[in-house]
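# Per-entry structural report
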Amino acid sequence: MEHACCCRGHNTWNEKIAIMSQQGYVAAPPYSQSQPGIGGFGPPSSSIHYGHYGDPNSSYSAPPPGVSKSAVPFGSPAPVGPPPPGAQQFSPTSFQNGSGTPGQQPHRFQGPSPPSNTGPSYAPFSHQSPAAFPSTAPASPPAQLADQLSSMQINSYGPGAAPGSAVAPGHPAPFQGPRLLPPGQQQMALPPAAQLPPPPANSANGLGAQPVLPPVARQGAVPAPGPPNPNLQHLPGQPPGPGYHPQQANYGPQMAASQLSYPGAFPGGPAQLSGPPQKKLDPDSIPSPIQVIENDKAARGGQVYATNTRGQVPPLVTTNCVIQDQGHASPRYLRCSTYCFPLTADMARQARIPLAAVIQPFAAVPPSETPLYVVNHGESGPIRCNRCKAYMCPFMQFIEGGRRYQCGFCACINDVPPFFFQHLDHVGRRIDHYERPELSLGSYEYVATLDYCRDKKPPKPPAFIFMIDVSYRNIKSGLVKLICDELKTLLDKLPREEQEESSAIRVGFVTYNKVLHFFNVKSSLAQPQMMVVTDVAEVFVPLLDGFLVDFEESRSVVTNLLDQIPELFADTNESETIFAPVIQAGMEALKAAECAGKLFIFHSSLPTAEAPGKLKNRDDKKLLNTDKEKTLFQPQGNYEALAKDCVANGCCVNLFLFPNQYMDVASMGLVTMYTGGTLYKYNNFQLDTDSPQFLSDLRKDLQKKMGFDATMRVRTSTGFRATDFFGAIYMNNTTDVEMAAVDCDKAVTVEFKHDDKLNEDTGALIQCAVLYTSMSGQRRIRIHNLGLNCSSQLADVYRTCETDALINFFAKSAFKAILSQPLKTVRDILMNQTAHMLACYKKNCASPAAVSQLILPDTMKVLPVYMNCLLKSCVLAGRPEIPTDERAFHRQLVMAMGVADTQLYFYPLLLPIHSLDLKSDAVPGAVRCSEERLSEGGAFLLANGLSMFLWLGASVSPELIQGLFNVPSFAHISTEATSLPNLDNPFSKKLKHILEQIQSQKPYTMKVTAFCLSSFFILVQRNVPGLAKTYQWL
């Protein structure tokens, strides 16, 4: 059961980690029924669901004649090589971009809606009962596969192979009986067990239909299907063979493929006909995510990746390399589900591969890479296309001696402003090409003019308001004093621009329980002044002057206040709290100050006081696995309207929760998600054990580089457009993504769909523009440009897919869907979408192979494992032992994650700590996140980006135990141990170094929890009712 996420706050290990239970299986699909809830698997009236293009009935038809491979090569690449010596003449301090004139939208967004057959790719879910087909009618291959995947059962399975015995790529595992494969295709096959012959095609139970998928194969370049003899050529004028139209690939010889075959009865056979007991499935024959990651690191790690070619696939997010911007945006900012879009909507519908981009506009870049240059055109502002409003970028083509340029997005011819004119060289390129970031780089910034500002007035620097819950529990636990003590030192580290000596951000302070307390900390005061607002139904700000101040100027007054707050409320007995009025008060304060900003709210209980936003406990376990389960994720009260007001006023809400019982995170966290804030949650907070994690999170959050009052617009070249957006965002219309703030960890996932045929020569171009206010109060526009290839060959689309980006898209789209649909429907759609994608590849791209083999593209060979991890995540696997708040918390976090964070979240890092090399700085090689990798003589560290767990086997080395816990043996470790002591020895120092190395790359501080179990099966989650095992995918 190769699995997914570690849920912080659970009491048992199996609620925190999921590990692959590698077992055999039997296929028993009811082929007389279709799967509900997914387009293409039901009757013709089946509705289309998220991630799917229209007309499900045409999804697996043979490609039309017009889909044959064009002879036109991929578009010409951007200039290759480093800029000439003069390339760095522009100043890195000049720059800006904007959202366009209000009400003025690109021409293509004003046109008529697309035809009905290209309707919204995220039509509403509709739960349908299985449609019964005549028993003699064979089901379609995708339907057979979906039935097969959903009906397999798990049998017991013994210990797996030892770690490290994974089959190397290209080396087939032993198998009984030779199988002929086309040239260039290698096979990983499992020992077949005794099999019953398939019944004739006319058998009454319909099982004579062609069975479907399983096995695993890597395949890039794919030859046209042909007769068994690979030397026989298709004769001109002869009809092609049955099954599908041949497609010739023009990018070289066929790539190797690895395949798995069923180890038991013929695929599709019912359980009662499954024959003899199944032979064991070798876990190492399944494609390993660890092997894929290590192979990419070996091939591309430490190298320079230049973005000078359109449509090139970047290194994986797990590979460290130096990225050099040479005309296309860095993959740190923008990654795609595929870097070659299908030429037509029909091809897209056939493949069902989501066409998506994950945009992380403020992603942090390492010191070895150049920060974004800032372009400042003064009062003239950014240069933009007159028709589509795209910003000047490397995709613009200059003509007529440089006096005009053609827009690469809409082909409109525009005049070049006089101040921007420059002559062209002998190849038609401006002679200042490498001196201007907007002409030679994929990412840069513009300084915006007053036209891009609210009310056409320059924005003021943003503000931070700290709002502390001073109810009885927080005072007695010491949390309030902890926060105040930390702020006294942390306010010296407020974020600032690179070139500034001090931060321009102002600060304010509010405390609350059933009422609100505002503090005047004006620098001229000897003591801070408190003003109490008791009318929480109609919140107002009692003071303007002295509430938001410069910390340097008011240091003594602010320090005095932070010393007094714990004492001021030391004798409080108030246990009830408000919440919505707190946010309202912070927003009104920012609105009155005419600036954007962020609220830091520290809260610990369900808001039950009589006030707007009052919540009640609605945690009902009886709703799990019912159609009403979705209501647990839907917000109560008026929090959605409050979130909308916050976004409109540039008020971002960061929420730190300290619950010891149900808090309704789905409602309280909604404002945080919509405003681009971050949600933190510390279950049963204990001052001595949880303070380091909380303080680390607070420090990192306060010092993040970010933009305020942001609006993002994604523009595309003709032929396709952005249709759906997922993330910690709010959308007031269909095109503009609004964010009260956006930081370096937030990502927006965008789905595209065709509205016309694309062009192989010009490709598919994407421009993301983010208008925002900087930390210094300057209005800017951040631009990211990316060019993708287009192809009439499905094989090209598959071979440029990125599985990590696909999982990010599937997770966000599914987590959005659970607000309106039953979880079972959402899980079924994910399974069937995967089946569609893989069945289409086998049918249209792969070489002829046995029907009992699943052939995967090289870029998707771990997709089944990752998809199963998603299905087993705590959000989609509704179980009574997982608190509802925990599921809502994880759902909200994933909605804002980038590709690197979702990759680690769904497939955690598992390190064998017992293999530490004390003489080297190297981290032990990761092992597959699988039950069989654990051993009673080992120690393992598991990290998923939110939590870390140290698992100790009963027979672990006493030397290691002594080094980590300072006790002589496993038996002496306290059963209540939840953290590691700080010891001065090589083992402890080495492990601390590893923890810091993992932690440094992630936004959340991961608390290390130690589990000391004498029998490791106790912690392994073996069976999740109603969910498929990893082997069922294969």
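Report follows, based on the coordinates. Everything numeric here is computed off the predicted structure, so don't read it as measured data. Along every chain, residues carry numbers that run from 1 in the direction the sequence is written. Reporting in this predicted model follows two pLDDT cut-offs: at least 70 for local features of residues, and 80 or more for side-chain atom pairs to be given and counted; totals over whole chains, interfaces and linings ignore these cut-offs and use all residues. Processing note: side-chain calculations cover all non-hydrogen atoms of the structure and skip hydrogens and water entirely.

This paragraph deals with the overall build of the protein. Each helix corresponds to a stretch of at least 4 residues labelled H or I by DSSP, and each strand to a stretch of at least 2 residues labelled E; elements are numbered beginning at the N terminus. Assigned secondary structure in the protein consists of 22 helices and 32 strands. Per-residue burial for the protein yields a buried fraction of 60% across its 1034 residues. Only heavy atoms enter the contact rule, under which two residues are in contact if any of them lie within 4.5 Å. In the protein, of all internal contacts separated by at least 6 residues, the share reaching a separation of at least 24 is 77%. Put simply, the protein shows about 38200 Å² of open surface, and 53% of that area lies on carbon and sulfur atoms. Each residue gets one of three labels from its accessible area relative to the maximum for its type: buried under 20%, exposed over 50%, partly exposed in between, using a 1.4 Å probe on protein chains only. Shrake-Rupley sampling with a 1.4 Å probe provides the accessible areas, and residues are treated as covered by the protein chains on show and by no other component.

What follows is about the pattern of salt bridges. Think of a salt bridge as a Lys or Arg side-chain nitrogen and an Asp or Glu carboxyl oxygen that are within 4 Å of each other. The final tally for this structure, using the stated rule, is 38 salt bridges. Salt-bridge contacts for Glu576 lead to Lys514; the nearest nitrogen and oxygen are separated by 3.8 Å. With a gap of 62 residues between them, Glu576 in the loop between α8 (555–568) and α9 (580–592) and Lys514 in the loop between β15 (506–512) and β16 (516–520) connect regions that are remote in the sequence. The structure contains a network of salt bridges with shared partners spanning Arg430, Asp432, Arg436 and Glu438.

It is worth spelling out a nonpolar patch on the surface at this point. Patches in this entry comprise residues that are over 30% relatively accessible and not in a salt bridge; like charges within 9 Å are linked, as are nonpolar side chains (Val, Leu, Ile, Met, Phe, Trp, Tyr) within 5 Å. Residues Met530, Val532 and Leu568 make up a contiguous nonpolar surface patch of roughly 250 Å² in combined accessible area. With respect to the element layout, Val532 can be found in strand β17 (residues 529–533). Here Val532 falls in the partly exposed class, since its relative accessible area comes to 43%.

Attention now goes to the state of the cysteines. A disulfide bridge is the covalent bond that connects two cysteines by way of their sulfur atoms. When the sulfur atoms of two cysteines come within 2.5 Å, that pair is taken as a disulfide. A full pass over the atoms with the stated rule returns zero disulfides. Not part of a disulfide, Cys340 finds its nearest cysteine sulfur in Cys790, a span of 6.6 Å. Here Cys393 is not disulfide-linked; the sulfur of Cys407 is the nearest cysteine sulfur, at 7.2 Å.

Turning next to the pairing of strand β19 (residues 651–657). Here β19 lies mainly inside the structure; seven of its seven residues are buried. If DSSP finds at least two bridges between two strands, the strands pair. Alignment of strand β18 (residues 597–603) against β19, held across seven bridges, turns out to be parallel. Of the residues in β19, the one forming a bridge with Phe602 is Phe656. The crossover handedness rule: strands pointing away from the viewer, path from first strand over the helix to second strand clockwise, crossover right-handed. Handedness of the crossover joining β18 and β19 through helix α10 (residues 639–648): right-handed.

In this section: helix α16 (residues 823–844). Across its 22 residues, α16 extends 32 Å between first and last C-alpha, which sits within 8% of the 32 Å expected from 1.5 Å per residue. Among the 22 residues that make up α16, 20 are buried, leaving the element largely enclosed by the rest of the structure. In a helix, the anticipated span is given by 1.5 Å times the number of residues less one.

Our focus in this paragraph is the nonpolar core. Take the buried Ala, Val, Leu, Ile, Met, Phe, Trp, Tyr and Cys residues and link them wherever side-chain atoms come within 4.5 Å; each set so joined is a nonpolar core. Residues Phe466, Phe509, Leu516, Ile601, Phe602, Phe694 and Phe752 are the most contacted members of the largest nonpolar core, which totals 223 residues. In this structure, Phe694 is in contact with Leu479, Leu482, Ile483, Phe602, Phe656, Phe658, Tyr682 and Phe685, ignoring residues within four places of it in sequence. Ranked by size, the runner-up nonpolar core spans 30 residues in total, among them Val375, Cys388, Ala390 and Phe420.

Attention now goes to the packing of aromatic side chains. Within 6.5 Å between ring centres, the rings of Phe, Tyr and Trp (the latter by its six-membered ring) count as paired, and their orientation is classed by plane angle as stacked under 30 degrees, edge-to-face over 60, tilted in between. Counting across every chain of the model gives 33 aromatic pairs. Between Phe602 and Phe656 the ring centres are 5.0 Å apart and the planes differ by 20°, which places this aromatic pair in the stacked class. In this pair, Phe602 is assigned in strand β18 and Phe656 in strand β19, connecting sequence segments 54 residues apart. For the pair formed by Phe602 and Phe656, the shared burial category is buried. Members of the aromatic cluster, connected to one another through ring pairs, are Phe602, Phe656, Phe658, Tyr680, Tyr682, Phe685, Phe694 and Tyr1004. Look at NZ for Lys and CZ for Arg. If either is within 6 Å of the ring centre and within 35 degrees of the ring normal, a charge sits over the ring. Over the ring of Phe362 we find Arg782; its NZ or CZ atom is 4.3 Å from the centre of that ring.

Take unusual backbone geometry next. For residues that are not glycine, phi is negative in most cases, and the peptide bond is trans in most cases. Of note, Lys456 is a non-glycine position whose phi angle comes to about 55°, a positive value. With a phi close to 50°, Asp709 is a non-glycine residue in the positive phi region. Topologically, Asp709 is positioned in strand β21 (residues 706–716).

Spatial strand order, β10-β11-β12: three strands in an open sheet with antiparallel pairing. What marks the edges here is a single partner per strand, and that holds for β10 (397–399) and β12 (413–415). Within this sheet the neighbouring strands show an average axis-to-axis angle of 35°, counted without direction. Axis definition: a line fit to C-alpha positions, over the contact stretch in the case of helices; interaxial angles, taken between N-to-C directions, run 0 to 180 degrees.

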